[in-house]
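Here are the chains, one letter per residue:
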Amino acid sequence: MHPDPLEFLYSYSDIRNREIAGLIASSLAYGRVSQILKSTGYVLEKMGASPYSYLISSDPGSLKKSFSGFKHRFTTGDEIAGLLFSAARLINSFGSLNRAFLNGYKDSDPNIIPALLAFCKEISSISRGSCCSLVPLHTGKSAFKRINLYLRWMIRRDRVDPGGWYGIPASKLLIPLDTHMYRISKLLGLTSRKQADINTVIEITESFKEIEKEDPVKYDFALTRAGIN
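Presented here is a report on the structure given in the accompanying data block. (Residues numbered from 1 in each chain as written. Predicted model: local features only at pLDDT ≥ 70, side-chain atom pairs only at ≥ 80, totals over all residues. Heavy atoms only, no water.)

**Here we look at the pattern of salt bridges**
So, step 1. Overall, the coordinates contain 10 salt bridges when judged by the stated rule.
So, step 2. Across the pair D4 and R225 runs a salt bridge, and its minimum N-O distance is 4.0 Å. You can see D4 sitting in the segment before α1 (15–27) and its partner R225 sitting in helix α11 (residues 220–228), a full 221 residues away along the chain. The residues D4 and R225 share a single accessibility class, namely buried.
So, step 3. A salt bridge links D215 to R156, with the shortest nitrogen-to-oxygen separation between them at 2.8 Å. Residue D215 is located in the loop between α10 (198–209) and α11, and its partner R156 is located in the loop between α8 (145–155) and α9 (179–187); the two are separated by 59 residues in the primary sequence. Each member of the pair, D215 together with R156, is buried.
So, step 4. Three or more residues are tied together by salt bridges with common partners; here these are R152, R156, D158, D161, D215 and D220. (Salt bridge = Lys/Arg side-chain N within 4 Å of Asp/Glu carboxyl O. Helix = DSSP H or I, 4+ residues; strand = E, 2+ residues; numbered from the N terminus. Buried < 20%, exposed > 50% of the residue type's maximum accessible area, 1.4 Å probe, protein only.)

**Some remarks on helix α2 (residues 33–47)**
So, step 1. Here α2 contains 15 residues, and its C-alpha end-to-end distance of 21 Å stays within 8% of the 21 Å for a straight helix at 1.5 Å per residue.
So, step 2. Those residues of α2 not exposed but buried are I36, L37, S39, T40, V43, L44 and M47.
So, step 3. A positive backbone phi angle near 75° is found at G48, which sits one or two residues after α2. (Expected span 1.5 Å × (residues − 1).)

**Some remarks on the side chain of T191**
So, step 1. Along the chain, the position of T191 falls in the loop between α9 and α10.
So, step 2. In this structure the side chain of T191 is engaged in a polar contact, spanning 3.2 Å, whose partner is the backbone nitrogen of R193.
So, step 3. Only 2.4 Å separates the side chain of T191 from the side chain of E203, close enough to count as a polar contact.
So, step 4. T191 has contacts with S185, K186, T200, E203 and I204, leaving out every residue within four places of it along the chain. (Polar contact = N/O pair within 3.5 Å; in protein donor to acceptor, adjacent residues only side chain to side chain. Contact = heavy atoms within 4.5 Å.)

Okay, here's the thing in structure tokens:
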């Protein structure tokens, strides 16, 4: 598994902790992998053995103070504090991040996009837009790579992804499109699009559904790993 930010999730058997660790690790998953691991490790170490217990006993002021010296490329300590405060508020409101995400999900949705956008909107609203380098704009047309990566980790369960969330089938997931997957997908003829946006994500995911209808992101780890290596 190493080096991959997914490795942090294996430290938490309690899904209440794992879903928080996953949100942090996936949100920071941009830039050099060595820096991603360093930054994620720093945040989780600050939160102690139970990120869940840490969050529910924190307030905006204490979070800002704890992460005042944090820096990960474009991300500041205030942004991390905003993300963590938003996560805490959602957990207090819904009981878990899983339930918060399900609040925007419908079985009739063709894919995870409507729920994904609703989840991002909630975080942005609670944080008052203070964590924009960590959570994509719900009105944008980006590839939503990091949030799709988070959903892969939390919804799928196999020898790679630890899972733990319920209520959402893997068939609704979308490819977490990064530069490696985009390049490989073009080489394999899974897309001919010239821009790595959400429409390209959908096209590539639909191509994978022809191979694995119920689990279109099954090969994401293996293919992107090849690109990284």
